[in-house]
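The primary structure of each chain is shown beneath.
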Amino acid sequence: MSKTKLDTKQLQGKTVIITGASSGIGEAAARLFAAEGANVVLGARRHSKLEQLVSELCDQGLQAVFLAGDVGNEDYAQALVAHAINVYGGLDASFNNAGTMGETGPIPEMSSENWHTTLNVNLTSAFYAAKHQIPAMKSGGGGSIIFTSSFVGYTAAFPGMGAYAASKAGLVGLTQVLATEHGADGIRANALLPGGTKTPMAGDLENNPEQLAFYNSIHALKRMAEPIEIAQAALFLASDQSSFVTGTALLVDGGNSINKV
Ligand code: NAD
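Only a predicted model underlies this, so the values are computations on that prediction, with no experimental measurement involved. (Residues numbered from 1 in each chain as written. Predicted model: local features only at pLDDT ≥ 70, side-chain atom pairs only at ≥ 80, totals over all residues. Heavy atoms only, no water.)

A. Quick look at unusual backbone geometry. A positive phi angle, near 60°, is found at Lys 222, a position not held by glycine. Relative to the assigned elements, Lys 222 resides in the loop between α6 (209-217) and α7 (227-238). (Helix = DSSP H or I, 4+ residues; strand = E, 2+ residues; numbered from the N terminus.)

Following this line, the structure appears as structure tokens:
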């Protein structure tokens, strides 16, 4: 008789840091990963939003804690890892997903301040995250580190998004190097590249049907993603389902990269 598999949850007992968990893709991932058995350690800037989400998850009998802060601050990256270790005893995976569009506009008109802020929140944050997460994963025998990049800066360019595109492209390069540096430690590193996704970052689409129609049109699927569809890809990368996937830039973009009509 074959053995009955008692637990089919994909992240059972794994401790996972998720940043940008107060809304959009990160919030969807927090709900999904916790439901899949993970101990989730949630980060973002808004204390009250995180507190509310954690209390909701705990009320469902799931495992979740939070620590609010700015991912562009190295002390915060370190504190998130320490929180994971203190509460749950280690770190198995991370979904470094917080990001900002920054101000948009042509490069000659862009302030240096906007350039530095956007690069700091989207790219330097990934360096801080990796620097502090990798030793914790290594001491636990391996792990999976994920960064949310974008199709913007990889397969598509939009005028006015120079700082954002540069920061998101930089994540792909960092991911590749991390994969080679730490593959022998059992640590996988991957970038996740969403297409247009219905989150606050995409703007108030309900009140802007022309913008929504444009976003829909650039995808082969002729629609934008729901946040859960991106979270499901993050779940794949965080779990053992992707045990031989590392150093990749995984497009989850509804075919916008190949769509020319
Ligand atoms: P969102 O605005 O709903 O979420 C962004 C999250 O990041 C929020 O939780 C916010 O509080 C957090 N955040 C922003 N700056 C931060 C900082 N300095 N410190 C800590 N937390 C910070 O948008 P989203 O679409 O869910 O964005 C998630 C990721 O997906 C981002 O990295 C974004 O660039 C990327 N992305 C989004 C789209 C899209 O169409 N929505 C497409 C491709 C990539």
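B. Representation of the nonpolar core. Counting residues in each nonpolar core, the largest one holds 34 residues, and the members touching the most others are Ile 18, Phe 33, Val 40, Leu 42, Leu 57, Phe 95 and Leu 192. Put simply, the parts of the chain that give this core at least two residues each are β1 (15-19), α1 (24-35), β2 (39-44), α2 (47-59), β3 (63-68), β4 (93-96) and α7. Look past the residues within four positions of Leu 57 in its chain and what remains in contact with it is Ala 30, Arg 31, Ala 34, Val 40, Leu 42, Leu 62 and Ala 64. If you look at the next biggest cluster of nonpolar residues, it comprises 23 residues, including Val 41, Ala 84, Ala 126 and Leu 171. (Core = buried A, V, L, I, M, F, W, Y, C linked by side-chain atoms within 4.5 Å. Buried < 20%, exposed > 50% of the residue type's maximum accessible area, 1.4 Å probe, protein only. Contact = heavy atoms within 4.5 Å.)

C. Highlighting the packing of aromatic side chains. Taken as a whole and judged by the stated rule, the model has four aromatic pairs. Ring geometry for Phe 127 versus Tyr 128: centroids 5.6 Å apart, planes at 45°, classification tilted. When its relative accessible area of 15% is taken as the criterion, Tyr 128 is described as buried. Aromatic pair Phe 214 and Tyr 215: ring centres 5.9 Å apart, planes at 45°, arrangement tilted. (Phe/Tyr/Trp six-rings, centres within 6.5 Å; stacked < 30°, edge-to-face > 60°.)

D. The packing of helix α4 (residues 112-139) against helix α5 (residues 162-182), seen in detail. Contact geometry for α4 and α5: axes closest at 8 Å, N-to-C directions at 15°. As summarised for this structure, α4 and α5 are arranged roughly parallel, according to the angle between their axes. α4 and α5 meet at a crossing whose hand is right-handed. Taking contact as the criterion, the partners of Asn 114, Trp 115, Thr 118, Leu 119, Asn 122, Leu 123, Ala 126, Phe 127, Ala 130 and Ile 134 in α4 are, on α5, Gly 162, Ala 163, Tyr 164, Ala 166, Ser 167, Lys 168, Gly 170, Leu 171, Leu 174, Leu 178 and His 182. Its residues assigned to classes, the contact of α4 with α5 comprises 13 nonpolar, seven polar and one charged. (Axes fitted to C-alpha atoms, helices over the stretch in contact; angles between N-to-C directions. Parallel < 35°, antiparallel > 145°, perpendicular 65-115°, else oblique. Left-handed = near helix turned anticlockwise from the far one by under 90°. Nonpolar A, V, L, I, M, F, W, Y, C, P; charged D, E, K, R; others polar.)

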